[in-house]
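Read off the chains here:
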Amino acid sequence: MSAPTRSLTRKRPSGRNALLATAMLLVAVASAFPLAWMVLSSLKTPAETMQVPPVWIPHTPTLEAYGKVAGVINVGRSMWNSLVIATITTAGILVTSTMAGYAFAKYSFPGRSLLFSLLIATMFLPPIVTLIPLYRMVGSIGLSASLAGIIVPNLANAFGIFLMRQFIAGVPDELIDAARMDGASELLILFKIVAPSVAPAIAALALFAFVYHWNSYLWPLTVLQGNADAYPIVISLSRLLSYNRGAVNTGLVMAGATLAVLPPLILFVFLQRFFVDSIVGSAIKG
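Residues numbered from 1 in each chain as written. Predicted model: local features only at pLDDT ≥ 70, side-chain atom pairs only at ≥ 80, totals over all residues. Heavy atoms only, no water.

Enquirer: How would you explain the overall build of the protein if you had to name every residue and give the values?
Expert: What the protein contains, in helices and strands, is 14 helices and zero strands. Going from N to C terminus, the protein has its helices and strands arranged as α-α-α-α-α-α-α-α-α-α-α-α-α-α. For the protein, the residues scored as buried account for 34% of the 286 residues in total. Looking at the protein alone, contacts between residues at least 24 apart form 74% of all its contacts between residues at least 6 apart. (Helix = DSSP H or I, 4+ residues; strand = E, 2+ residues; numbered from the N terminus. Buried < 20%, exposed > 50% of the residue type's maximum accessible area, 1.4 Å probe, protein only. Contact = heavy atoms within 4.5 Å.)

Here it is in structure tokens:
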């Protein structure tokens, strides 16, 4: 092969890489644009939010809209309610999913395949189908209009069990057998050997669960029955919709939305490395 030909073949991959990088950059910018626009709009003055053509960067950034949000809703109480709901529910999902996933992956018992198939089948049920039965169950045990009524039915999750089962199945059986021979209990093996081995999957599940239950709207609204003191931030922000009838209040709505998105965003920043590792690990195993 001549030198010019070898040079041409070396340049082709770099051109494809540049095209791929450009496409990824465009997708990233398009995905981040709504978030950036929301934050920037929350810092604009009312005059800037009404200006045509629109002002992209506020000339005089102000936190006035955030002060107005605190005057309309109890931000601290609502954020605390959301934090309690999302944190406790996520912790419960991690524990139950890890334990059940370990049982399905490493234990042989009658009906295991059938039970796991039924578990997977529940993932295809729309949440609205289970809304009324769950509501009646919560009411029958006296948890209506409380945060516990929101949390308890969600402490186990079919997707979480499925995810952990798939990752735990990749943990070597020899490692577990060696720990048993050393006299380790099953719980010790699970939380000291198995769990660290699938840490990226646990982190990814924690991120999925926290964001989902932080943003949950219909189920908390149904359970709380108008108990405004227990409203999470997502429901409390619905009160701001009445202020969105004019562009002059756009900053107020955007400030409330920014406050609501901050905790999940911060969690993602801390867990993104584990999240990427879990995706790469599943791709390698596949």
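Here the narrative resumes.
Enquirer: Summarise unusual backbone geometry; cite the residues concerned and give the values.
Expert: The phi dihedral of A145 falls on the positive side, at around 60 degrees, and the residue is not glycine. Inspection of the secondary structure puts A145 in the loop between α6 (127–140) and α7 (147–151). You can call A145 partly exposed: its relative accessible area is 27%.

Enquirer: Can you explain the nonpolar core? Please cite residues and give values.
Expert: It is characteristic of soluble globular proteins that their nonpolar side chains tend to be buried jointly. Grouped together as the largest cluster of nonpolar side chains are 24 residues, with contacts concentrated most on Y102, M164, I168, V194 and V198. Setting aside its immediate chain neighbours within four residues, I168 contacts T98, G101, Y102, A105, K106, V194 and V198. With 17 residues, the next largest nonpolar core counts Y66, I73, W214 and V234 among its residues. (Core = buried A, V, L, I, M, F, W, Y, C linked by side-chain atoms within 4.5 Å.)

Enquirer: Describe a nonpolar patch on the surface, naming the residues involved and giving the relevant values.
Expert: A contiguous nonpolar surface patch, about 680 Å² in accessible area, is contributed by L35, V39, L262, L265, I266, F268, V269 and F270. Among the elements that make up the nonpolar patch, the one with the highest residue count is helix α14 (residues 250–285) (six residues). Tracing the backbone through its elements, the reader meets L35 in helix α1 (residues 3–42). (Patch = residues over 30% accessible without salt bridge, like charges linked within 9 Å, V, L, I, M, F, W, Y side chains within 5 Å. Areas by Shrake-Rupley, 256 points an atom, 1.4 Å probe, with all protein chains shown as cover. Salt bridge = Lys/Arg side-chain N within 4 Å of Asp/Glu carboxyl O.)

Enquirer: Can you tell me about the pattern of salt bridges, naming the residues and giving the values?
Expert: Between side chains of opposite charge, pairing is possible as soon as their charged atoms come close. In the structure shown here, the tally under the stated rule is four salt bridges. For E186, the salt bridge is made with R180, and the minimal N-O distance between the two is 3.0 Å. What you see here is one network of salt bridges that share partners, running through D177, R180 and E186.

Enquirer: Now, about the packing of aromatic side chains: what can you tell me, with residues and values included?
Expert: According to the stated counting rule, one finds nine aromatic pairs in the structure shown. On the numbers, 6.2 Å between centres and 75 degrees between planes, the contact of F159 with F208 is edge-to-face. Placement of the pair is F159 in helix α8 (residues 158–168) and F208 in helix α11 (residues 199–214), with a sequence separation of 49 residues. Residue classification places F208 among the partly exposed positions, given a relative accessible area of 42%. The rings of F104, F109, F116 and F162 are connected pair by pair, giving a single aromatic cluster. The side chain of R165 reaches across the aromatic face of F116, ending 5.0 Å from its centre. The ring of Y107 has R180 lying over it, and the distance from NZ or CZ to the ring centre is 5.8 Å. (Phe/Tyr/Trp six-rings, centres within 6.5 Å; stacked < 30°, edge-to-face > 60°. Lys NZ or Arg CZ within 6 Å of the ring centre and 35° of its normal.)

Enquirer: Residues and numbers for the environment of L265, please.
Expert: As for its placement among the helices and strands, L265 is situated in helix α14. Residue L265 is classed as partly exposed on the basis of its relative accessible area, which comes to 36%. Placed 58 residues apart in sequence, L265 and L207 show a C-alpha to C-alpha distance of 9.9 Å.

Enquirer: Hey, could you go over helix α10 (residues 186–197) for me, with residue numbers and the actual values?
Expert: For an α-helix, 3.6 residues make a turn, and residues three or four places apart therefore share a direction. The end-to-end C-alpha distance of α10 is 15 Å, a good match for the 16 Å that twelve residues give at a rise of 1.5 Å each. Turning to α10, its buried residues number three or more, namely I189, L190, V194 and A195. End-on, the buried residues of α10 take up no more than an arc of 145 degrees, which puts them together on one face. (Expected span 1.5 Å × (residues − 1). Arc of directions from axis to C-beta.)

Enquirer: Residue-level account of the packing of helix α9 (residues 173–181) against α10, with values.
Expert: As a packed pair, α9 and α10 sit with axes 10 Å apart at the nearest point and diverge in direction by 135 degrees. Classified by the interaxial angle, the pair formed by α9 and α10 is oblique. Crossing angle aside, the handedness with which α9 passes α10 is right-handed. For the pair α9 and α10, contact is made by L175, I176, A179 and R180 and by E186, I189, I193 and V194, respectively. Considered class by class, the residues forming the contact of α9 with α10 number six nonpolar, no polar and two charged. (Axes fitted to C-alpha atoms, helices over the stretch in contact; angles between N-to-C directions. Parallel < 35°, antiparallel > 145°, perpendicular 65-115°, else oblique. Left-handed = near helix turned anticlockwise from the far one by under 90°. Nonpolar A, V, L, I, M, F, W, Y, C, P; charged D, E, K, R; others polar.)

Enquirer: Talk me through the side chain of S42; I want residue IDs and the actual numbers.
Expert: With respect to the helices, strands and loops of the structure, S42 is situated in helix α1. Owing to a relative accessible area of 0%, S42 belongs among the buried residues under this scheme. Within polar-contact distance, the side chain of S42 engages the backbone oxygen of V39 at 2.5 Å. For S42, the contacting residues outside a window of four places in its chain are T62, A65, Y66, G251, M254, A255 and T258. (Polar contact = N/O pair within 3.5 Å; in protein donor to acceptor, adjacent residues only side chain to side chain.)

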